[in-house]
Amino acid sequence: MTSQTITAAASGTWKLGDRTVNRIGFGAMRLTQHGEAFAADAIPRDRDQAIGVLRRAVELGVNHIDTAAFYFSQLRSANELINRALAPYPDDLVITTKVGPGRDPSGQWLPHATPKQLRGQVEENLRQLGRDHIDVVNLRIIGTDSIAERFGALAELREAGLIRHLGLSNVHPHHLAEAQTIAPVVCVQNMYGIGASPEQKEFLHICGEQRIAFVPFYSIAGTGRTVGAASGDIRDVHTIARSRGVSAAQIRLAWTLHQGPHVLAIPGTGDLDHLAQNVATGSLRLSEDELTVLDSLHHETA
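Residues numbered from 1 in each chain as written. Predicted model: local features only at pLDDT ≥ 70, side-chain atom pairs only at ≥ 80, totals over all residues. Heavy atoms only, no water.

Now for the sheet that holds strand 3 (residues 26-27). Read from one edge to the other, the open sheet built from seven strands follows the order 3-6-7-8-9-10-11, with strand pairing classed as parallel. Looking at which strands have only one partner, the edges of the open sheet turn out to be strand 3 and strand 11 (213-214). In terms of strand pairing, strand 9 (residues 163-169) meets strand 10 (residues 187-189) through three bridges, oriented parallel. Looking at strand 10, one finds that S169 is bridged to Q189. Against the sheet, helix 3 (residues 115-129) makes contact with strand 7 (94-99), strand 8 (134-140) and strand 9, and its axis sits at roughly 145 degrees relative to strand 7, the strand it touches most. (Pairing = 2+ DSSP bridges. Helix = DSSP H or I, 4+ residues; strand = E, 2+ residues; numbered from the N terminus. Contact = heavy atoms within 4.5 Å. Axes fitted to C-alpha atoms, helices over the stretch in contact; angles between N-to-C directions.)

Below is the structure:
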């Protein structure tokens, strides 16, 4: 694959509310440091390198960037890197952030925000990004309890014009149903990748039926999560990758995009070559036989 000449437009498009985005986007979680995200001893990434990756992503047609105010390392903030690299922002660029979790200046995790604290988190994202509104704000949660109060607080900020569209992250189908009684939901951001459970697959299909974007995280890293993709991988993934002359990560990402036209990928990297490979994956079309093999892989437990 000649990744240098392939742009994000090759992946097709989907709508986040009234905003059209290419299905290959960019996730900023790993942009601020080398190694594991959120690790206390992580080495901050070179500032110019991070800025160069962001600018190159936009040059390659990426117009959907996923970030958060709690994406930071000792010296770098993802939001402020995005601001420095891309402001004044292109008209077609959609920036999505998430609220709920928070970290103190030392990097320690805080209790999830209360409904009253969510406004402060939204305003902090606005300040760091240098914007007067955010295109999409996802409420990220832990657990199965009602989200009505928290989502309602964000719906009020949407009415006030600080937020354009609302989404959900790390949720269950009943959360989506509950949120939709309060305000429109344009996306669901959940963990998803090869080996997904039947419940995960069903939720992805529910979103597709309702024309809600499904935005998987850890689609490449899998069970590696914040550490990143493991050096070992499922044999069948490697076999298909070798036959295609691409990486196992590209096969994982391509499989994710094949799960439905409403699936939006947000792979992240701080490396220009990996960025080009991720974007080029949008042009990779897996065969029915390849999809059958990948679909049959069991849920990963290690």
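For the structure on display, the rule yields eight aromatic pairs. Their ring planes at 80 degrees and their centres at 5.6 Å tell us that Y192 and F214 sit as a pair that is edge-to-face. Taken as a pair, Y192 in the loop between strand 10 and helix 6 (198-209) and F214 in strand 11 lie far apart in primary sequence, 22 residues in all. Their ring planes at 85 degrees and their centres at 5.1 Å tell us that F217 and Y218 sit as a pair that is edge-to-face. (Phe/Tyr/Trp six-rings, centres within 6.5 Å; stacked < 30°, edge-to-face > 60°.)

Going through the model one piece at a time under the given rule, you end up with 10 salt bridges. Between E290 and R244 there is a salt bridge, with its nearest N and O atoms 2.8 Å apart. Of this pair, E290 sits in helix 10 (residues 288-295) while R244 sits in helix 7 (residues 235-244), and the two are 46 residues apart along the sequence. A residue is classified by how much of its surface remains accessible, and R244, at 30% relative accessible area, is partly exposed. (Salt bridge = Lys/Arg side-chain N within 4 Å of Asp/Glu carboxyl O. Buried < 20%, exposed > 50% of the residue type's maximum accessible area, 1.4 Å probe, protein only.)

Turning next to the nonpolar core. One finds F151, L154, L168, L176, I251 and L294 to be the most contacted residues of the largest nonpolar core, which totals 48 residues. In this structure, L294 is in contact with I194, V237, I240, I251, W255 and L286, ignoring residues within four places of it in sequence. The next biggest cluster of nonpolar side chains, apart from the first, holds 35 residues, and it includes F26, I65, I220 and V279. (Core = buried A, V, L, I, M, F, W, Y, C linked by side-chain atoms within 4.5 Å.)

This brings us to the pairing of strand 8. Taking burial as the measure, the seven residues of strand 8 include seven buried ones, the bulk of the element. Of the pairings in the sheet, the one linking strand 7 to strand 8 comprises four bridges and is parallel in character. Counterpart to K98 in the pairing with strand 8 is N138. Read from strand 7 through helix 3 to strand 8, the crossover connection turns out right-handed. Summarising the sheet, strand 8 and strand 9 pair through six bridges and their orientation is parallel. Following the sheet pairing, V136 is matched in strand 9 by H165. With helix 4 (residues 148-159) bridging strand 8 and its parallel neighbour strand 9, the resulting β-α-β unit is right-handed. (Right-handed = clockwise from strand over helix to strand, strands pointing away.)

Take the confidence of the model for the protein next. Averaged over all residues, the pLDDT of the protein equals 92, while 93% of them reach at least 70. Here residues 226-232 is a poorly scored stretch, pLDDT under 50, and it has 12 contacts once near neighbours within four places are set aside; other chains count. (pLDDT = per-residue confidence, 0-100.)

Quick look at unusual backbone geometry now. The residue after A87, namely P88, is reached through a cis peptide bond having omega -5 degrees. Residue placement: P88 occurs in the loop between helix 2 (78-86) and strand 7. If you check the backbone angles, F38 has positive phi at about 75 degrees while not being a glycine. Assignment of secondary structure puts F38 in the loop between strand 4 (33-34) and strand 5 (43-44). Of note, the phi angle at Y218 is positive, near 60 degrees, even though the residue is not glycine. Along the chain, Y218 turns up in the loop between strand 11 and helix 7.

Here the structure, examined in full by the defined rule, presents zero disulfides. Left unpaired, C187 is separated from the closest cysteine sulfur, that of C207, by 9.2 Å. (Disulfide = S-S within 2.5 Å.)

Burial in helix 7 covers these residues: V237, I240 and A241. Viewed end-on, helix 7 has its buried residues packed into an arc of 100 degrees, placing them on one side of the element. Opposite the packed face of helix 7, turned more than 90 degrees from it, sit the exposed residues R235, R242 and S243. Phi for G245, located one or two positions after helix 7, is positive at around 70 degrees. (Arc of directions from axis to C-beta.)

Attention now goes to the packing of helix 2 against helix 3. A pair of packed helices can be characterised by two numbers: the angle between their axes and the separation between those axes. With their axes 7 Å apart at the nearest point, helix 2 and helix 3 run at an angle of 35 degrees to one another. Residues N79, E80, I82 and N83 of helix 2 touch helix 3, and the partners they reach there are N125, R127, Q128 and L129. For the contact of helix 2 with helix 3, the residue count by class is two nonpolar, four polar and two charged. (Nonpolar A, V, L, I, M, F, W, Y, C, P; charged D, E, K, R; others polar.)

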